[in-house]
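One-letter residues, chain by chain:
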Amino acid sequence: MKILFFGNLREQLGTGEIEVPLAPGTNNIADLLEALKQRGSEWQQALSTGSLLYAVNQTMATQSTLLKDSDEVALFPPVTGG
Amino acid sequence: MITIAVQAADFDTGQEIRQLQADRTDVGGIAIFAGQVRDTGDKPLGFMHLEHYPGMTEASLQQTAEQAEQRWALIDIRIVHRIGDLLPGDQIVFVGVSSIHREAAFNACEFIMDHLKTHAPFWKKEYYRDGSTKWVDAKQTDQQRYARWHQHN
């Protein structure tokens, strides 16, 4: 599964994209966030903010959105365009 | 017709308006919003960097424009949003809407901007002249403006 990070979150994690296999037990965005937090203290800290937004296959998603291995997931802070 | 452009290059507001007028006699009016980089913070701004999510950005703007079309009787919608490094005073965004009557054009233009501000995946980072930087925070007032369009009366 491809996971993209944008904005301040990308800088905090030091990467804009990772590729990880969908682990057994990772069914939705909430599960994925918990799994990513295990990657280290920067990840734990950066992903614990309550204001993060999620997209699955370039459509806004929620913590309960179900995932499959072929999905493109994106995690990012609130948007500030315009 | 909906026309969306996400680009590093500058755009010509006059040309965008002429495109909305082009070869039509049923257009009663055009409402536009033209946004630019402002330097009004505590520290002088050197430039602003606009990051986006290629693919989702265009899809998000398209979806917003389609929602506006469903809500009001519109003729054409043109949205241009710039990315990359922009200087104070540079243009960032253009939203133009043509319709038969002004109410639809005014409303749709504001609706599109309120949705763009809260949903289109763009992120601004400010680079100040003293060398420091800051990611721009999302504003609660933008969320409130967006929510107005979806209140059930």
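So, here's what we can say about the structure. Once a new chain begins, its residue numbering starts again from 1 and follows that chain's sequence as written. Ligands are numbered from 1 and chains lettered from A, in the order in which they are written. Only residues with pLDDT of at least 70 get local features here, since the model is predicted, and only at 80 or more are side-chain atom pairs given and counted; chain-wide, interface and lining totals rely on the full set of residues. Only hydrogens and water are set aside; all other atoms, that is, all heavy atoms of the structure, feed into the side-chain values.

## Concerning the nonpolar core
For soluble globular proteins, nonpolar side chains are generally found buried alongside one another.
And step 1. By size, the foremost hydrophobic cluster in this structure holds 32 residues, and its most contacted members are B:Ala68, B:Trp72, B:Leu74, B:Ile77, B:Ile79, B:Val95 and B:Ile112.
And step 2. Those elements that provide at least two residues to this core are strand E1 (2–7), strand E3 (45–52), helix H2 (56–71), strand E4 (74–82), strand E6 (91–99), helix H3 (102–119) and strand E7 (122–128) of chain B.
And step 3. Not counting residues up to four positions away in its chain, the partners in contact with B:Ala68 are B:Leu74, B:Ile77, B:Ala108, B:Phe111 and B:Ile112.
And step 4. By nonpolar core we mean a set of buried residues, namely Ala, Val, Leu, Ile, Met, Phe, Trp, Tyr and Cys, connected to one another through side-chain atoms within 4.5 Å. Exposed residues in this analysis have more than 50% of their type's maximum accessible area, buried residues have under 20%, and partly exposed residues fall in between, with area computed by a 1.4 Å probe over protein chains only. A:Met1, A:Leu36, A:Leu52 and A:Tyr54 belong to the second-largest nonpolar core, a separate cluster that totals 21 residues. Helix and strand labels come from DSSP, where a helix needs a run of H or I of at least four residues and a strand needs a run of E of at least two; each type is numbered from the N terminus. We call two residues in contact when some of their heavy atoms are within 4.5 Å.

## Remarks on the interface of chain A and chain B
And step 1. Counting residues at the interface gives 19 residues for chain A, matched by 24 residues for chain B.
And step 2. A 1.4 Å probe defines the accessible area here, and the buried area is the portion of it lost by two parts on being joined, summed over both. Together chain A and chain B conceal approximately 1700 Å² of surface at their shared face, both sides included; 59% is due to carbon and sulfur atoms.
And step 3. Any Lys or Arg side-chain nitrogen located within 4 Å of an Asp or Glu carboxyl oxygen qualifies as a salt bridge. Counting across the interface, chain A meets chain B through 2 salt bridges.
And step 4. B:Glu51 is paired through a salt bridge with A:Arg10; the nearest N and O atoms lie 2.5 Å apart.
And step 5. Whenever two N or O atoms come within 3.5 Å, that pair is a polar contact, provided that in protein one can donate a hydrogen and the other can accept it, and provided that, for residues adjacent in sequence, both atoms are side-chain atoms. At the junction of chain A with chain B, the criterion picks out 12 residue pairs in polar contact (both at pLDDT 80 or more).
And step 6. With 4 residues, the single largest contributor to the side of chain A that touches chain B is helix H1 (residues 7–13) of chain A.
And step 7. Here the term charged refers only to Asp, Glu, Lys and Arg, the term nonpolar to Ala, Val, Leu, Ile, Met, Phe, Trp, Tyr, Cys and Pro, and the term polar to all other amino acids, Gly among them. Counted by class, the side of chain A that touches chain B contains 9 nonpolar, 7 polar and 3 charged residues.

## Here's the deal with the sheet that holds strand E2 (residues 29–36) of chain B
In sheet architecture, strand pairing relies on hydrogen bonds along the backbone and comes in two forms, parallel and antiparallel.
All names here are of chain B.
And step 1. Only strands joined by at least two bridges in the DSSP assignment are considered to pair. What the 4 strands build is an open sheet, ordered E1-E4-E6-E2; its pairing is mixed. Strand pairing shows two members of the sheet lacking a second neighbour, E1 and E2, which therefore form its edges. On average, adjacent strands in this sheet sit at an angle of 5° to one another, irrespective of strand direction.
And step 2. One ladder, built from 6 bridges, connects E1 with E4; its direction is parallel. By the bridge assignment for E4, threonine 3 is matched with arginine 78.
And step 3. For helices, the fitted line uses only the C-alpha atoms of the stretch in contact; every axis is such a line through C-alpha atoms, and the angle between N-to-C directions lies from 0 to 180 degrees. Against the sheet, H2 makes contact with E1 and E4, and its axis sits at roughly 150° relative to E1, the strand it touches most.

## A short note on helix H2 (residues 29–37) of chain A
Residue and element names in this part refer to chain A.
And step 1. Within H2 the residues assigned to the buried category are Ile29, Leu32, Leu33, Leu36 and Lys37. All buried residues of H2 lie within an arc of 135° about the axis, which places them on one face of the element.
And step 2. Buried-residue contacts for H2 involve strand E1 (2–5), strand E2 (17–19), helix H3 (41–46), strand E3 (53–56) and strand E5 (72–76). Directions are taken from the helix axis to each C-beta atom, and the arc is the one they span.

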